[in-house]
Amino acid sequence: MSHESSEQLSLFNQSGLTSSTPSDFQPELIPTDAKVPIPPGTYDSMESLADHCNGCQRCELAATRTHAVVGRGNVHAPIMIIGEAPGQNEDEQGLPFVGRAGQLLEKILAAVKLDSERDVYICNVNKCRPPGNRAPTPDEVAACKPYLLEQIRLVDPKIILLTGATAVKGLTGEKRGITKIRGTWMEWEGRLCMPIFHPAYLLRNPSREQGKPKWFMWQDIQAVRAKLNELQSENAV
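Residues numbered from 1 in each chain as written. Predicted model: local features only at pLDDT ≥ 70, side-chain atom pairs only at ≥ 80, totals over all residues. Heavy atoms only, no water.

**Q** Would you mind going over the nonpolar core in detail, with residue names and values included?
**A** Within the largest apolar cluster, 60 residues are counted, with the highest numbers of intra-cluster contacts made by Ile79, Met80, Ile82, Tyr147 and Leu161. In terms of residues, this core owes the most to one element, helix 5 (residues 138-155), which gives eight residues. Sequence-distant contacts of Tyr147, that is, excluding residues within four places in its chain, are made with Ile30, Pro31, Ile38, Tyr43, Leu49, His52, Cys53, Cys56, Arg58 and Lys127. (Core = buried A, V, L, I, M, F, W, Y, C linked by side-chain atoms within 4.5 Å. Buried < 20%, exposed > 50% of the residue type's maximum accessible area, 1.4 Å probe, protein only. Helix = DSSP H or I, 4+ residues; strand = E, 2+ residues; numbered from the N terminus. Contact = heavy atoms within 4.5 Å.)

**Q** Tell me about the packing of aromatic side chains, and name the residues and values.
**A** Taken as a whole, this structure holds three aromatic pairs when the rule is applied. Taken together, a centroid distance of 6.4 Å and an interplanar angle of 35 degrees make the contact between Tyr43 and Tyr147 tilted. Here Tyr147 lies in helix 5 and Tyr43 lies in the loop between helix 1 (3-7) and helix 2 (46-54), a separation of 104 residues in the sequence. Where Trp215 meets Phe216, the ring centres are 5.3 Å apart and the plane angle is 70 degrees; that geometry is what we call edge-to-face. One cation-aromatic arrangement involves Arg58 over Tyr147; the distance from NZ or CZ to the ring centre is 5.9 Å. Taking NZ or CZ as reference, Lys227 lies 5.9 Å from the ring centre of Trp185, over its face. (Phe/Tyr/Trp six-rings, centres within 6.5 Å; stacked < 30°, edge-to-face > 60°. Lys NZ or Arg CZ within 6 Å of the ring centre and 35° of its normal.)

**Q** With reference to specific residues and values, describe the sheet that holds strand 5 (residues 186-188).
**A** Read from one edge of the open sheet, six strands run 1-3-2-4-6-5, paired in mixed fashion. Each edge of the open sheet is held by one strand with a lone partner, namely strand 1 (72-73) and strand 5. As defined by bridge partners, strand 5 adjoins strand 6 (residues 191-196) across three bridges and the pair is classed as antiparallel. Bridged to Met186 within strand 6 is Cys193. (Pairing = 2+ DSSP bridges.)

**Q** Help me get a handle on the packing of helix 2 against helix 5, residues and values and all.
**A** Where helix 2 contacts helix 5, the two axes come as close as 10 Å, and the packing angle between them is 165 degrees. On the basis of their axis angle, the class for helix 2 and helix 5 is roughly antiparallel. Regarding helix 2 and helix 5, the two cross each other, and that crossing is left-handed. Along the contact surface, helix 2 presents Met46, Leu49, His52 and Cys53, while helix 5 presents Tyr147, Glu150, Gln151, Leu154 and Val155. Partitioned by chemical class, the residues of the contact of helix 2 with helix 5 number six nonpolar, two polar and one charged. (Axes fitted to C-alpha atoms, helices over the stretch in contact; angles between N-to-C directions. Parallel < 35°, antiparallel > 145°, perpendicular 65-115°, else oblique. Left-handed = near helix turned anticlockwise from the far one by under 90°. Nonpolar A, V, L, I, M, F, W, Y, C, P; charged D, E, K, R; others polar.)

**Q** Could you give an account of empty space enclosed by the protein, naming the residues involved and the relevant values?
**A** Within the structure shown, the criterion is met by one cavity of 30 Å³ or more. Taken as a whole, the largest cavity encloses approximately 100 Å³ of empty space. Lining the largest cavity we find 14 residues, and of these Cys56, Cys59, Arg65, Cys128 and Cys144 sit closest to its centre. No other element matches the three residues that helix 5 contributes to the lining of the largest cavity. Among the residues forming the lining of the largest cavity, the class breakdown is nine nonpolar, two polar and three charged. (1 Å grid on protein atoms, 1.4 Å probe; cavity = no way out; pocket = protein on both sides within 12 Å on 5 of 7 lines; lining within 4 Å. Points joined across faces, edges and corners; volume = space filled by probe spheres on them.)

**Q** Go over the side chain of Arg65, please, and point to the residues and values.
**A** Tracing the sequence through the fold places Arg65 in the loop between helix 2 and strand 1. Summary of buried charges: Arg65 has no salt-bridge partner, and the nearest side chain of opposite charge, Asp91, is 6.9 Å away. A distance of 3.1 Å separates a polar atom in the side chain of Arg65 from the backbone oxygen of Asn54. Within the structure, the side chain of Arg65 is placed 2.9 Å from the backbone oxygen of Cys56, a separation counted as a polar contact. (Lys, Arg positive; Asp, Glu negative; His and termini not counted. Salt bridge = Lys/Arg side-chain N within 4 Å of Asp/Glu carboxyl O. Polar contact = N/O pair within 3.5 Å; in protein donor to acceptor, adjacent residues only side chain to side chain.)

Spatial relationships are all this shows, so hold off on functional conclusions.
Encoded structure:
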């Protein structure tokens with residue numbers, strides 16, 4: 001078991017700090033050094049996590065950001081959507097998925113009657129924009145991932161949607177290409193996840209013909225809606 005995995009082992013079944021947390025643990029050091037771990041249960045709210053993210057210096061992306069982009073939506077939503085990293089619009093506004101890709105995501109959700117303020121919580125693997133919108137490096141992902149794990153614990157979603165290969169690999173370690181695994185349910189840490197195309201990819205591939213990315217997205221989001229209905233019906237019994 002990796003060091004990171006052991007640190008996060010009890011992420012989903014404990015609400016407080018783990019018993020292995022050092023007695024001299026100083027949470028105020030978290031944002032300043034990537035070597036300082038973030039034990040499960042460190043944050044009692046998304047606001048306290050956001051405070052650290054906004055002052056974070058755990059990787060080099062801090063030097064070029066305008067805003068840290070933590071998340072938006074319902075912090076108790078049944079669906080969590082995880083993207084790669086902020087783009088220019090997100091960096092300027094401090095909110096994820098607010099550019100053209102975000103607008104398309106809103107339309108995709110609305111098509112199956114999912115409300116981005118009620119039914120989903122949206123965030124990214126990395127909270128700061130990589131220069132030139134490049135993909136975050138493995139070190140940048142590693143520095144930021146503990147924040148993401150804490151976000152998942154706080155939201156406690158029934159379903160996690162992973163948009164694009166970077167999000168899939170960043171959370172689960174899965175290295176297969178998104179075209180091979182999109183639309184398939186997978187389990188990660190006891191949670192139901194589905195990889196889907198990133199909305200930005202759909203903007204570059206606008207055809208709605210059968211077998212094209214937009215057509216696949218329509219199949220996938222309908223499957224997500226059906227699964228959510230199923231889970232909610234089970235809980236209502």
